[in-house]
Amino acid sequence: MSAGTFRRHLTSRVMTALVVVLAFLAVLALVLILGDLIAKGASSIDWAFFTKSPVPAGESGGGVANAIVGTFIVVGLAALIGVPVGVGAGMYLAEYGSGRLGFLVRFVADVLNGTPSIVIGIVAWTFLVKPTGRFSALAGSVALAILMIPMLARTTEEMVRLVPHSLREAALALGYPRWRTSLKVVARTALGGIVTGCLVGIARVAGETAPLLFTALGNLNFSTDVRHPMQTLSLQIYVYATGPFDEWHRMAWAAALVLMGLVLILALAARWVTRQRYGSGR
Amino acid sequence: MTTLPLEPVPPPLEQTTPSAEPRWRALRSVDRSDRIYRRILTTLALALPALILVILGVLFVSALPAVTRFGPSFLWTSTWDPVAEVYGAAPMIFGTLASSFLALLIAVPLALGVAIFLTEFSPRWLRQPVAFLVELLAAIPSVVYGLWGVFVLIPFLRSYVVPPLKAVLGWTPFFDGAFYGNSLLAGGIILAIMIVPYIAAVSREVLLAVPTSQREAALAMGATRWEAVRSAVLPYGRAGLIGAIILGLGRALGETMAVTMLIGNRHDIGLSVLQPAYTMAAAIANEFSEATTNMYLSALFEVGLILFVLTVVVNAIARILIWRVARGAAVGSKAL
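Keep in mind it's a predicted model, so treat the numbers as computed, not measured.

## Focus on the overall build of chain A
When helices and strands are tallied, chain A shows eleven helices and zero strands. Tracing chain A from N to C terminus, the helices and strands come up as α-α-α-α-α-α-α-α-α-α-α. Rg of the C-alpha trace for chain A: 24 Å, well past the compact-globule value of 19 Å for 282 residues, more than 25% over. When the backbone C-alpha atoms are referred to their principal axes, chain A occupies close to 70 × 65 × 35 Å. Counting across all 282 residues of chain A, residues that qualify as buried make up 52%. Counting only contacts in chain A whose residues sit at least 6 apart along the sequence, the fraction spanning at least 24 positions is 73%.

Structure below.
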């Protein structure tokens, strides 16, 4: 082996090793963060944590029951608003989206997907908080729904496009009108994928804080009225983490662990749905 | 293609124009319900372009008082004085750009490392788990990153990273001054970890779209594995990779919570990464509820407008670059 060949092979080995190290570092970051969440959060989680509302600063005990319920309400309402629009837009892109309008919608969806969520927050504030003069969970849900729509549109489109043409042709050949073919055959075949997309979208907005700062605002008490301020886990973590008390920091870690668990369950459920429908998965 | 090959469908562009409607109807007797169905879906799809216009409109109208009062100098003046009602966003714009570029500096090697590892070097059994773990980074909520940054990252930086950095590079303006924790460095590092999964996911899809024949051709010419990657794979996907990086930049520019908790929130322009700084998103998050006067509020809306336009432009560029490689694929939207 000549010196030049040796050097080239050495370079190849070194660069391969470097790439492996870089990939390892990225995974390490995740392991470290999840590890810290469990190490610092798990010890503070007990029954009261899930069943009690926060106690005044300085006292120990209490929980984040109001924030957990609030998260479910705000995110659930957001899904109720966002899913029909997002999935419908995605169906449009897959069924009729080959024209100029389809291109525009697809492009706008991709661009909106990267919009800062805080900007959506102040837009929702302008429409729903400023005129009524009252912060509300509903405004927060609308902001989250807006974040969800472009994401859902694109994943739905992708999933529907995976449906083989032959299925559609078979339905049309049997005399099914287009709309029934679209809903009963195409959308149903892609249902697993669409549900996966929805779960992933919901998981992503469930952890959002910025768009809720000026809409849902947060609430120290237990509340289920969507016309009033409501606490969510993300808002609670922000307040606790930036506060001055050790007790609050402890609660912040525990709440973060719960929120992370919630998001992970949604993400894993999404994978599970896909696997159920498509055998071995990706 | 969504239209059926067996159906006599006019070319897609005509399909949406009214003039093509009679011909279409003559060829196939369209059920009325079909048209209603299509109209419903079209309406829902139109929500997206409408949304972007509404957002722009709201931001612009709300920012108008500040825009007319301060003019373009809003972009390059540094005074931010709510008492005197004088506002200039230069420190935030600087901080936004500085923290994002710092994040890219750290995230790009990591993310490209992940993407190259997964597509070129990884054993088959390791691909799925590593891809899943890196995508999980995108699932961690921003506020949790912030929490981790405040209580783990900053103490770590203070004890183990900053002292050696200062010892070696303390003479440069970039590592000048004392380190108190909340700083450009802390914000940049947390941003880097947050954007790695996005850049990695899109880069991976771009590299997967590179035909195997490219690699085989290079290897057949006697290239080593790394030479094949460097000379055949990376150049082929270059536009897409740049798109992936710009997409990551877009994410970094608009990230709010974690940065707000770590960057120090100081209206100041400094070169040192050890000093506190401010970003546009952080300013809105911090000051929006304190904005008691209309001009204060309007100035914050103008900051939001600048941020929105900036991210839209950055994202549009990224998408065009990615689409050129992986045509029409919704790459990146799946990242979780």
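Now that the structure has been shown, the text picks up again.
## Remarks on the domain arrangement of chain A
Residue and element names in this part refer to chain A. When the domains of chain A are assigned, the result is domain 1 (3-44) and domain 2 (50-278). One C-alpha centre belongs to domain 1, the other to domain 2; they are set 32 Å apart. Contact with domain 1, which involves six residues of that partner, is made by seven residues of domain 2. Residue composition of the side of domain 1 that touches domain 2, grouped by class: three nonpolar, two polar and one charged.

## Points about the environment of Ala107 of chain B
Residues and elements named next belong to chain B. Tracing the chain through its elements places Ala107 in helix α4 (residues 90-121). Under the C-beta neighbour-count criterion, Ala107 is labelled buried, with 29 such atoms within 10 Å. Placed 89 residues apart in sequence, Ala107 and Val196 show a C-alpha to C-alpha distance of 5.4 Å.

## So, the environment of Ala131 of chain B
Residues and elements named next belong to chain B. Considering the arrangement of structural elements, one finds Ala131 in helix α5 (residues 124-136). Overall, the presence of 20 C-beta atoms within 10 Å leaves Ala131 in the buried class. Residues Ala131 and Met280 lie 149 residues apart in sequence; the distance between their C-alpha atoms is 32 Å.

## Focus on the interface of chain A and chain B
As a measure of interface size, the accessible area lost when the parts come together is often cited. Taken together, the contact pairs 88 residues of chain A with 83 residues of chain B. Its residues placed into classes, the side of chain A that touches chain B shows 55 nonpolar, 21 polar and twelve charged.

## Details of the packing of helix α3 (residues 65-96) of chain A against helix α3 (residues 32-70) of chain B
Following both chains from N to C, one finds α3 of chain A and α3 of chain B inclined at 115°, their axes separated by 8 Å at the closest point. When the axes of α3 of chain A and α3 of chain B are compared, the pair comes out roughly perpendicular. The interaxial crossing formed by α3 of chain A with α3 of chain B has left-handed handedness. For the pair formed by α3 of chain A and α3 of chain B, the contact residues are Val85, Gly88, Ala89, Met91, Tyr92, Leu93, Glu95 and Tyr96 of chain A on the first element and Arg38, Ile40, Leu41, Thr42, Leu44, Ala45, Ala47 and Leu48 of chain B on the second. The residue inventory of the contact of α3 of chain A with α3 of chain B, partitioned by class, reads twelve nonpolar, two polar and two charged.

Conventions and cut-offs
Residues numbered from 1 in each chain as written. Chains lettered and ligands numbered in written order. Predicted model: local features only at pLDDT ≥ 70, side-chain atom pairs only at ≥ 80, totals over all residues. Helix = DSSP H or I, 4+ residues; strand = E, 2+ residues; numbered from the N terminus. Rg over C-alpha atoms; globule rule 2.2 N^0.38 Å. Buried ≥ 20, exposed ≤ 12 C-beta atoms within 10 Å, placed from the backbone. Contact = placed C-beta atoms within 7 Å. Domains from an automatic or database assignment. Nonpolar A, V, L, I, M, F, W, Y, C, P; charged D, E, K, R; others polar. Axes fitted to C-alpha atoms, helices over the stretch in contact; angles between N-to-C directions. Parallel < 35°, antiparallel > 145°, perpendicular 65-115°, else oblique. Left-handed = near helix turned anticlockwise from the far one by under 90°.

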